[in-house]
Amino acid sequence: MTANRFDVIVIGAGPGGAPCAALLAKRGFKTLLIEQNDRAGGKAMTVSKKGFRYELWPVTGGPMYNSRFEELLTELGLETGLTTHDIHMAFYYPDDGGAYRPFFTNRPLPGQGPDPEVMMAQMRWLGIDDAGLGEITRMAMETAALSPYEIDQLDDITYYDYLIRKYNLPKSFYSFLGMQANIVFVLPIDLVAASEFIRTSRDMMANAAGYYSKGGYGRLFERCAKAFEKLGGKVRYRSRAEKILVEHGRVGGVITNKGTFHAPIVVSNAGIQPTVLKLVGQEHFDKGYVNRVRDLVPSLGLMGTRYFLNTPFFKEGANFAFSDESYWNQERSLRAKAGEVPEEMLVFNVIPSNFDPDLAPEGKQCVLASTLCPADPEMRNNKAYWDRLDRMMERVWPGFTATVEAKERYSTRNVSALVRDQVLPKIGGECIGLGQVVGQCGRYKPSPAAPISGLFYVGCDAGGYGCGTHQGVDSAFNVARLVELYHQTH
Ligand SMILES: Cc1cc2nc3c(=O)[nH]c(=O)nc-3n(C[C@H](O)[C@H](O)[C@H](O)COP(=O)(O)OP(=O)(O)OC[C@H]3O[C@@H](n4cnc5c(N)ncnc54)[C@H](O)[C@@H]3O)c2cc1C
C-alpha cells in the first residue's frame, strides 16, 4: 500500500509539470509524476524518425540568458545545453511589389542587449523614415523606463491600447509588433495584456530569444524527468490520470488507467479547464468558480507542416514571414473563427538541424512550418490552410517546393490529442494554454492554488508569465514553492 502513497502527485510532464516534479523531489518530497505519453516535453516534445530528431511543430524559446531555463538546469545540476545559431533568426517582409525580403540577425551573445546598429538596419529594412524612427525611439525609451510597479498597472489595457493612446507608429513597425504578439503569445495584438507584452519583450530584448536545446527542444524536459528520477522521484509514462480524488473538499489522490495512487497534494499540468471540469468534476467547486473557469479564453492555435528536404535549403535557425495583411488582430482572428482561410499567411518556421547538426541525416533538412489558426480541435477547413501554407512557403522562399521529398501535416486536433483533453467546444488545440489577454494576466491570472485543499495547477494556465515554455518553467518554480509552503503550514 505504501508503494502507492506519495507526498505529491504531479499529473503531466510538460514544461510546467516535469520541472515542478524535479524541484519538489529536490526539496525532499516523495513525488510521483504521471504522464500519458511515453516521454516528457508536452507540446514541446521531441520525436525521432528516419535519422531526424525534431519537435512536432516549430519550437524555440526565450529569453535565452539569465532565464528560468538556466536557473532550472543549474538548480538540478545539469549542463545548460542551450544552443543558438550563427544566423540566429530571419524576418521576411514584402516590398512594394509583394516580394518578401529578408533581414538576418546574428547569434546573440550573453550580457549584450540588442545591437543599436542592427536595430537601425532593421528599421530601414521595414522602410521606416526618420520621423517614424523618432516616434519608435520615443516609445522604446518611455517603455524601457517603466518601473515594475508601472508595468503591473498595465494589466487592464491591451498592448494595442497602450500603443495607440500615446504613439503614432509607422504601419510596418506596427505589423512587426503584431507578428511578435502572434508568435510569442499566439494572440491578436489587440487582446494581449500590455503588462504581459512589455514584461516579456523586455526579458527577450535584454537576454535574447530564439534559442534551442542540444538533442532537441523537448530534451530539456526529458532531462528534467531523468533528474527527477535520480532524485528519488517515480515516473509513470503511458499512464493517464482519469480522476482526481476529492473528499470533504481535500484531494486524496489520482485514479489512472494503471491504478490508484494516494497523496494529500496533487499538482495538475493537464490544464485548468480539463482539471476542473473533467479530472475533479465541477460538482466539487463553487458555481462561480466553475463559471470563471469555463469562461477562460485560450490562446490561438498554430497548425502547419513538417517538410523533409532532400537538400539543406535554409541557413537560419528560425524564420518569420509577415506582412501588413498577415499578422492577426481581433478582426482577422474573428474572421478565421468564422471559417475564412486567410489569403496571406503569417509563417513561422524552425529548422532544428541548424541549431544542432546531429538532428538530421547529412545533406538533409527538416523544416517545421506553422501558421496561425483558431484553437478549435475540430476545425473543418484544415486542408485549405495546409494548401495555402504550401503556396506561401514557395512564395516567400522561391525554389523551396522542389527540395521537399516528404511532408507531414498537423493540426490543432493533433495538439489536443497529444496533450490536452477537449472539455469545452472549440477549445483544446491552443498553442500556449491560457490566453495572456486582459483579464487573465498579472493580478487577474487564475491562482495556481485551486479552491480545494491540496490541489494546484502548474504550466501555462497558472503561476507564471512569459513566452510558452518559459512560462511553464516560471510556473514550475512558483508552484513548487507554493506547494512547499502549503506542506509546511498543513
Ligand atoms: C505548434 C506549436 C508551436 C509552439 N511553439 C513554441 C515556441 O516556439 N516557443 C515556446 O516557448 N512555446 C511554443 N509552443 C507552446 C508551448 O509548447 C506550450 O506553451 C507549453 O508546452 C505549455 O506547457 P504546459 O506545461 O503548460 O503544458 P503542456 O505542454 O500541454 O503539457 C501538459 C502535459 O500534461 C500531460 N497530460 C495532460 N493530461 C493528462 C492526463 N489526464 N494524464 C496524464 N498526463 C496528462 C500531457 O501529455 C503533457 O505532457 C508551441 C506550441 C505549439 C502547439
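In the block above lies the structure referred to throughout.
Numbers given for residues are sequential positions, taken from 1 along each chain in its written order. With the structure being a predicted model, the display of local features is reserved for residues of pLDDT at least 70 and the display and counting of side-chain atom pairs for 80 or more, all residues being used for whole-chain, interface and lining totals. With hydrogens and water stripped out, all remaining heavy atoms of the structure feed into the side-chain values.

For the rest of this paragraph, the subject is the overall build of the protein. Across its full length, the protein holds 16 helices and 19 strands. Its C-alpha atoms give the protein principal-axis dimensions of roughly 70 × 50 × 45 Å. Looking at the 490 residues of the protein, the share that counts as buried comes to 61%. Whether two residues touch is decided by their heavy atoms; if any such pair falls within 4.5 Å, the residues are in contact. For the protein, restricting intrachain contacts to residue pairs at least 6 apart in sequence, the fraction spanning at least 24 positions comes to 73%. For the protein, the exposed surface amounts to about 19600 Å²; the carbon and sulfur share of it is 52%. Computed over 54 positive and 54 negative side-chain charges, the inter-centroid distance for the protein is 7 Å. Only DSSP runs of H or I with at least four residues qualify as helices, and only runs of E with at least two residues qualify as strands; both kinds are numbered from the N terminus onward. With a 1.4 Å probe rolled over the protein chains alone, any residue whose accessible area is under 20% of its type maximum counts as buried; one over 50% counts as exposed, and the rest are partly exposed. What sets the accessible areas is the Shrake-Rupley method with a 1.4 Å probe; for residues, cover comes only from the shown protein chains. A residue counts as positive if it is Lys or Arg and as negative if it is Asp or Glu; His and the chain ends are not included. For this purpose, a charge sits on NZ of Lys, CZ of Arg, CG of Asp or CD of Glu.

Burial of strand β17 (residues 365-373) is extensive: nine of the nine residues sit out of reach of the surface. Covered by surrounding structure in β17 are Q365, V367, A369, T371 and C373 together with C366, L368, S370 and L372, the residues of both alternating faces. One bridge is not enough; two strands pair if DSSP finds at least two bridges between them. The pairing of strand β14 (residues 301-309) with β17 spans nine bridges and is antiparallel. Looking at β17, one finds that G304 is bridged to S370. Relative to β17, strand β16 (residues 347-350) runs antiparallel, the two being bridged by three bridges. By the bridge assignment, V350 is partnered in β17 with L368.

In this section: the packing of helix α7 (residues 171-185) against helix α8 (residues 194-207). Helix axes use the C-alpha atoms of the stretch in contact, all axes being lines fitted to C-alpha atoms, and the angles between their N-to-C directions lie in the range 0 to 180 degrees. Axis separation between α7 and α8 bottoms out at 12 Å; the angle between their running directions is 90°. Here α7 lies roughly perpendicular to α8, going by the angle between them. Seen from α7, the contacting residues are L177, Q180, A181, V184 and F185; seen from α8, they are E196, F197, T200 and M204. Gly falls in the polar group here, along with every residue not listed as nonpolar (Ala, Val, Leu, Ile, Met, Phe, Trp, Tyr, Cys, Pro) or charged (Asp, Glu, Lys, Arg). The class makeup of the residues in the contact of α7 with α8 is six nonpolar, two polar and one charged. Each angle gets one of four labels, with under 35 degrees taken as roughly parallel, over 145 as roughly antiparallel, 65 to 115 as roughly perpendicular, and the rest as oblique.

The complete set of buried residues in helix α12 (residues 330-337) reads R332, S333 and A336. Down the axis of α12, the smallest arc covering the buried residues is 100°, so these residues share one side. Each element contacted by the buried residues of α12 is listed here: α14 (382-396). In the segment just after α12, G339 is the residue with positive phi, at about 110°. Directions pointing from the helix axis toward each C-beta atom define the arc.

Before going further, it helps to spend a moment on the sheet that holds strand β6 (residues 87-94). Across the sheet, seven strands lie side by side as β7-β6-β15-β16-β17-β14-β18; this open sheet has mixed pairing. Since the sheet does not close on itself, it has two edges, and those belong to β7 (100-106) and β18 (404-410), each with one partner. Strand-to-strand twist across the sheet, computed as the mean angle between neighbouring axes with direction ignored, equals 20°. Pairing of β6 with strand β15 (residues 318-321), which is carried by four bridges, proceeds in the parallel orientation. Across the sheet, the residue bridging to M89 is A318, located in β15. Along the sheet, helix α3 (residues 116-125) contacts β6 and β7; its crossing angle with β7, the most-contacted strand, is approximately 175°.

Glancing now at the sheet that holds strand β13 (residues 265-268). Spatially, β9-β2-β1-β13-β19 is the arrangement adopted by the five strands of the open sheet, whose pairing is parallel. Edge strands, defined here as strands with exactly one partner in the open sheet, are β9 (234-236) and β19 (455-457). Sheet twist, expressed as the mean angle between neighbouring strand axes with direction ignored, is 20°. On top of the sheet, helix α1 (residues 17-26) reaches β1 (8-11), β2 (31-34) and β13; it is set at about 165° to β2, its chief contact. This element, helix α9 (residues 219-230), spans β2 and β9 of the sheet and lies at about 130° to β9.

Once that is clear, we can look at the pattern of salt bridges. Two side chains that carry opposite charge are able to pair once their charged atoms sit near each other. Counted as salt bridges are all cases of a side-chain nitrogen of Lys or Arg within 4 Å of a carboxyl oxygen of Asp or Glu. With the rule as written, the count across this model stands at 33 salt bridges. Note that R409 is salt-bridged to D390, the shortest N-O span being 2.8 Å. Taken together, the residues R409 in strand β18 and D390 in helix α14 connect sequence positions 19 residues apart. For D390, a relative accessible area of 16% gives the class buried. Each of K26, R27, E75, R481 and E484 takes part in salt bridges that share partners, so that together they form one network.

Right, let's talk about the environment of H490 for a bit. Looking at the element boundaries, H490 is found in the segment after α16 (468-489). Looking at H490, the relative accessible area reads 61%, which means it is exposed. There is a polar contact of 2.7 Å between the side chain of H490 and the backbone oxygen of Y486. Any N or O atom pair separated by 3.5 Å or less is treated as a polar contact, with the protein-specific requirement of one donor-capable and one acceptor-capable atom, and with residues adjacent in sequence counted only for side-chain atom pairs. Within polar-contact distance, the side chain of H490 engages the side chain of T489 at 3.1 Å.

Put simply, a residue is near a molecule or strand once any heavy atom of it comes within 4 Å of that molecule or strand. Close to the ligand lie 34 residues; G16, E35, T60, C460 and T469 are nearest. T60 places a main-chain nitrogen or oxygen 2.5 Å from a nitrogen atom of the ligand. Relative to its unbound accessible surface of 1000 Å², the ligand loses 97% to contact with the protein. Those elements that place two or more of their residues in the shell around the ligand are α15 (412-419) and α16. Here the shell around the ligand gets three residues from one element, more than from any other, and that element is α15. Residues of the shell around the ligand, tallied by class, amount to 19 nonpolar, twelve polar and three charged.

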